[in-house]
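In case you want the letters, here they are:
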Amino acid sequence: MMPWPLSLLLLLVGPPATQPTPPTCYSRMLSLSREIAGAFQSLQATESSEPCVRYLPRLYLDIHNYCVLAKLRDFVASPQCWKVAQVDALKDKVRKLYTIMNSFCRRDLVFLSDDCNALEYPIPVTKALPDRQM
């Protein structure tokens, strides 16, 4: 049997550190959509090696827009760049995001918009603060 102060110390210290909690559905969707957007941008940057990339559907993702589900479905179904390894890998990620959004996390989703044009022509994000008028 352990002495009383040692057992109290072990109780206060707690169990050994474990890995952080698993991601929530929302955080997984958000991180995967950002990963997809980054991969799509780098694919467009290397367009010269694969000319078919310019014919792929635009891929701006906003997981709070209901139209994103149709956008993901259309991207996966597009016949451009068939059998191009980078595009196939991107389509696999897009398919995974669609499955997560449509199946696993369906109840966790809150769509704030259904503006399909916003996914085609996103509003550019500005980082400069507007001038104050007096």
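Residues numbered from 1 in each chain as written. Predicted model: local features only at pLDDT ≥ 70, side-chain atom pairs only at ≥ 80, totals over all residues. Heavy atoms only, no water.

## Quick look at the state of the cysteines
Defined simply, a disulfide is a covalent bond joining two cysteines at their sulfur atoms. Enumeration according to the criterion identifies three disulfides in this entry. Note that C25 is cross-linked by a disulfide to C105, the S-S spacing being 2.0 Å. Its S-S torsion of about -80° marks the bond between C25 and C105 as left-handed, since a negative value means left-handed. Separated by 80 residues along the polypeptide, C25 in helix α2 (residues 25–45) and C105 in the loop between α4 (85–104) and α5 (116–120) bring together distant segments of the chain. Taking relative accessible area as the criterion, C105 reaches 2% and is therefore assigned buried. Sulfur-sulfur distance for the disulfide between C67 and C116 comes to 1.9 Å. Looking down the S-S bond of the C67 and C116 bridge, the torsion is -70°, so its handedness is left-handed. Taken together, the residues C67 in the loop between α2 and α3 (68–77) and C116 in helix α5 connect sequence positions 49 residues apart. We classify C67 as buried; its relative accessible area is 10%. For the chain, the disulfide bridges join cysteines in the arrangement 1-5, 2-4, 3-6, where the cysteines are counted in sequence order. (Disulfide = S-S within 2.5 Å. Helix = DSSP H or I, 4+ residues; strand = E, 2+ residues; numbered from the N terminus. Buried < 20%, exposed > 50% of the residue type's maximum accessible area, 1.4 Å probe, protein only.)

## Remarks on the nonpolar core
Grouped together as the largest cluster of nonpolar side chains are 27 residues, with contacts concentrated most on M29, I36, L56, L59, L97 and M101. When contributions to this core are tallied by element, the ones reaching two or more residues are α2, α3 and α4. A total of six residues in this core trace back to one element, the largest contributor, which is α4. What M101 contacts, discounting residues up to four positions off in sequence, is M29, I63, V68, L69, L72, R106, L109 and F111. (Core = buried A, V, L, I, M, F, W, Y, C linked by side-chain atoms within 4.5 Å. Contact = heavy atoms within 4.5 Å.)

## So, the pattern of salt bridges
Where charged atoms from two side chains of opposite charge come close, those side chains can pair. Taken as a whole and assessed by the stated rule, the structure comprises two salt bridges. Put simply, E35 and K93 hold a salt bridge, and the shortest N to O gap is 3.0 Å. In this pair, E35 sits in helix α2 while K93 sits in helix α4, placing the two residues 58 residues apart along the sequence. Where R95 meets D92, a salt bridge forms, and the shortest distance between an N and an O atom there is 2.7 Å. With R95 and D92 both in helix α4 and three residues apart, this pair spans about one turn of that helix. In this structure R95 comes out as partly exposed when scored by relative accessible area, which is 38%. By relative accessible area, D92 is classed as partly exposed at 45%. (Salt bridge = Lys/Arg side-chain N within 4 Å of Asp/Glu carboxyl O.)

## Description of α2
Given a rise of 1.5 Å per residue, 21 residues ought to cover 30 Å, and the 30 Å separating the end C-alpha atoms of α2 matches this to within 8%. Those residues of α2 not exposed but buried are M29, L32, S33, I36, F40 and L43. Taken down its axis, α2 places every buried residue within 105° of arc, on the same side. α2 presents R34, Q41 and A45 as exposed residues on the side facing more than 90 degrees away from its buried surface. Packed against the buried residues of α2 are α3 and α4. (Expected span 1.5 Å × (residues − 1). Arc of directions from axis to C-beta.)

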